[in-house]
Each structure stands twice: as C-alpha cells, then as structure tokens.
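Tertiary structure, described
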Amino acid sequence: MDPIDRAHLTGVSRPSPPIHRYAPSEHLVDLVDRYWIPVWSLTEPSTQSTLQHPVCLVVVSNTYARFHGVTRGRSSVTLEGDGWAVGTMLSPAAGRLLLGRSVAEVTDTWVELADLLPDAALVDDVRAAMHRDPHDPAAHLAAIAHLESWLATHLPVDASGLLVNHLVSWLADHPEVTRVDEVAREAGLSERSLQRLVEQRIGLSPKWLIQRRRLHDAVEALKAGRGTLAQVAADLGYADQAHFTHDFRAVTGMTPGDYLGDQPRP
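Description of the structure in this document. Nothing here was measured: the structure is a model prediction, and the numbers come from that model.

**What to know about the overall build of the chain**
Counting its regular elements, the chain contains 10 helices and 8 strands. For 266 residues, the compact-globule estimate of 2.2 N^0.38 gives 18 Å, and the chain sits close to it at 19 Å. Taken across its 266 residues, the chain has 50% of its residues classed as buried. Taking contacts inside the chain between residues at least 6 apart in sequence as the whole, the part at least 24 apart equals 69%. Within the structure as shown, the chain displays about 12,500 Å² of accessible surface, and the carbon and sulfur contribution to it stands at 52%. Of the side chains in the chain, 24 bear a positive and 33 a negative charge, and the two mean positions are spaced by 6 Å.

Given below as structure tokens:
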C-alpha cells in the first residue's frame, strides 16, 4: 500500500487516498505495467497531481471510463465525496495497439473508453465487481480479470512495440543518459527513425522522454532527501541548479524548493 511513487507529486499538505497496486498476469507483461486502485471518502475535495509515466492509461471509475494519452506537463485530478477507480498503467507499446492509431492524436487529452470497446459490457462488469465493497481485494481482482480479458485480445505485441518497451525500461535504468543520440544508438535506429517510433507509441519526442526520466529521478531524490538541491541537480546531469530549477518549474509549476517544503523529512 502506498509505496513511494516517483511520478506522484502530491505532498503532505494534500495526502493521497490509499492506493492498492497489482501486477498484471504473466501473459500480459508486454502490454501492462501495473494496475492501481484508489478508494476514497473525503469531506472536502482533494487534488492529486502526477508527472505521468510515458505510457497511456485506462481508467474505469464509478463515474467515468476513459483512455488517456500521455500528458506532457503535470496532470491533476480532483477527488471528492466517496469513490474509487480501477486504473491500468499500460506499457509504452500498448497505447497504439488499443487506440488503433498513433497515440500522438491523444497527447494531453483522453477519449471515452466506450469508443474503443467492441461493446459496453466491460465497463458495466468492472463497476459491478467493485460495487459491493470497493476496499475488498477480491473485488479488485475480479475487476482486473474483466480488464485483462479485453486487453488480451490485443496480443501479441509487435516488434516496434517490444523495442519501445525496451527503450523506456533501459532509459530508466541508465540515469547517465541525457542525449537523444545515445537512445538512438541503443535502439539501433537513426535519430529520425527513433523520433517516429517514440511519437507513434508515446505521442511525444525522445527529448521529452529523457526529460521525463530525469524529472522522475528528481522527484524520487527530493522525496528521499538525497542531498542539497545543487547535489540533486549534479546527480541528474544538469549543468547547474538553475537549469534544474527551470526544467522542474516549467513542467510542475513549482520550484524544487517549493516541492521539497511539502515533503516529509526522511
């Protein structure tokens, strides 16, 4: 429950509801990273903010069902009253397979999930599974099973999808990589071909992909209290703290110092 998430920007002044996380079934690991299920009961609205991973999302809640493209800046959702959501964090490969076209068409926006489904039963089935007790792990697994039956119809993942999955994973494991030509070399592609691949599957550019990895690393470092802001900037490969602050503020709307002030001390 509630492991530290490097994409999650909400601080101690805006606490998050409990979030249950589940791994996908083994045959879906090329399509799904994980499922997350928040359940909330709030007396006043609470805005939750994230720096989205470079993947599309499927979210079925008690009030809506949507397919989300990647948001290039900070994304926020306001929770209120009593509610729940069953979220699917897809793999980088999966968005285009589910959408049936380039995910660049849904960058910074979403479409109704019903527009992608062969029939409306899936959303009804997920809501029926969650209706009796949204806190019950058995209800979560039943809801996920309905989603996995639909997701499995999009297998197998194509070669380009497997390549983009590898690149995003590789980039996360290599924080020293800060240039597009290094990613192209790992992919065995020209920079132009890499640009086309990342735009089709993620909806943005390789340069954005690197920046998002760096900012996720920054959020993780700030939450963990690893050194001064200048040290964090140096560890992330920035020329100086000013460049780090500029990037962080441009994307999140706050400086690293402001964000650090809203985090618990380790």
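Structure shown, so let's carry the discussion forward.
**What about the layout of surface pockets?**
Estimated volume of the largest pocket: approximately 970 Å³. Along the wall of the largest pocket there are 39 residues; nearest its centre are W36, T50, L57, V59 and V77. For the lining of the largest pocket, the secondary-structure elements that each account for two or more residues are β1 (19-22), β2 (32-41), β3 (46-50), β4 (57-61), β5 (65-68), β6 (75-79) and β7 (82-90). Among the elements that take part in the lining of the largest pocket, β6 stands out by supplying 5 residues, more than any other. In terms of residue class, the lining of the largest pocket is made up of 14 nonpolar, 18 polar and 7 charged.

**As for the packing of helix α4 (residues 159-172) against helix α7 (residues 206-224)**
Relative to each other, α4 and α7 sit at 40°, their axes nearing to 10 Å. Between α4 and α7, the angle is such that the two are oblique. Every pair of crossing elements has a handedness; the one defined by α4 and α7 is right-handed. From α4, V168, L171 and A172 reach across to α7, where they touch L209, I210 and R213. Split by residue class, the contact of α4 with α7 holds 5 nonpolar, no polar and 1 charged.

**Describing the side chain of T71**
Along the chain, T71 turns up in the loop between β5 and β6. The class for T71 is buried, based on a relative accessible area of 18%. Not counting residues within four places of it along the chain, the set of residues in contact with T71 comprises Q52, D108, W208 and R212.

**Re the sheet that holds β4**
One open sheet accounts for 6 strands, arranged β1-β2-β7-β4-β5-β8; its pairing is antiparallel. One side of each edge strand has no neighbouring strand; the edge strands of this open sheet are β1 and β8 (110-112). Each neighbouring strand pair of the sheet contributes to a mean axis angle of 20°, computed without reference to strand direction. Contacts from helix α2 (residues 121-131) reach β2, β4, β5 and β7 within the one sheet, and its direction differs from that of β7 by about 125°. Packing of helix α3 (residues 137-151) onto the sheet brings it into contact with β1, β2, β4 and β7, and relative to β2 it is tilted by some 140°.

**Notes on the packing of α4 against helix α6 (residues 191-201)**
Following both chains from N to C, one finds α4 and α6 inclined at 95°, their axes separated by 10 Å at the closest point. It follows from the interaxial angle that α4 and α6 lie roughly perpendicular. Here S160, G161, L163, V164 and L167 of α4 come into contact with α6, specifically with L194, L197 and R201.

**A word on the packing of aromatic side chains**
The way to describe two aromatic rings as a pair is by their centre distance and the angle between their planes. Going through the model one piece at a time under the given rule, you end up with 3 aromatic pairs. An angle of 45° between the planes, with centres 5.5 Å apart, marks the rings of Y238 and F244 as tilted. Overall, F244 belongs to the buried group, its relative accessible area being 0%. With a centroid separation of 6.0 Å and 70° between ring planes, the pair formed by F244 and F248 is classed as edge-to-face. With F244 and F248 both in helix α9 (residues 241-252) and 4 residues apart, the pair spans about one turn of that helix. Considered together, F244 and F248 belong to a single accessibility category, that of buried residues. Taken together, the ring pairs in this structure connect Y238, F244, F248 and Y259 into an aromatic cluster. Positioned over the ring face of Y64 is R66, at 4.3 Å from the centre of the ring.

**Regarding the pattern of salt bridges**
Enumeration according to the criterion identifies 9 salt bridges in this entry. One salt bridge in this structure joins D217 and R213, with 3.1 Å as the shortest N-O distance. Placement of the pair is D217 and R213 together in helix α7, with a separation of 4 residues, close to one helical turn. Here the residues in one salt-bridge network are R179, D181, E182 and R185, joined through shared partners.

Cut-offs used in this document
- Residues numbered from 1 in each chain as written.
- Predicted model: local features only at pLDDT ≥ 70, side-chain atom pairs only at ≥ 80, totals over all residues.
- Heavy atoms only, no water.
- Helix = DSSP H or I, 4+ residues; strand = E, 2+ residues; numbered from the N terminus.
- Rg over C-alpha atoms; globule rule 2.2 N^0.38 Å.
- Buried < 20%, exposed > 50% of the residue type's maximum accessible area, 1.4 Å probe, protein only.
- Contact = heavy atoms within 4.5 Å.
- Areas by Shrake-Rupley, 256 points an atom, 1.4 Å probe, with all protein chains shown as cover.
- Lys, Arg positive; Asp, Glu negative; His and termini not counted.
- Charge placed at Lys NZ, Arg CZ, Asp CG, Glu CD.
- 1 Å grid on protein atoms, 1.4 Å probe; cavity = no way out; pocket = protein on both sides within 12 Å on 5 of 7 lines; lining within 4 Å.
- Points joined across faces, edges and corners; volume = space filled by probe spheres on them.
- Nonpolar A, V, L, I, M, F, W, Y, C, P; charged D, E, K, R; others polar.
- Axes fitted to C-alpha atoms, helices over the stretch in contact; angles between N-to-C directions.
- Parallel < 35°, antiparallel > 145°, perpendicular 65-115°, else oblique.
- Left-handed = near helix turned anticlockwise from the far one by under 90°.
- Pairing = 2+ DSSP bridges.
- Phe/Tyr/Trp six-rings, centres within 6.5 Å; stacked < 30°, edge-to-face > 60°.
- Lys NZ or Arg CZ within 6 Å of the ring centre and 35° of its normal.
- Salt bridge = Lys/Arg side-chain N within 4 Å of Asp/Glu carboxyl O.

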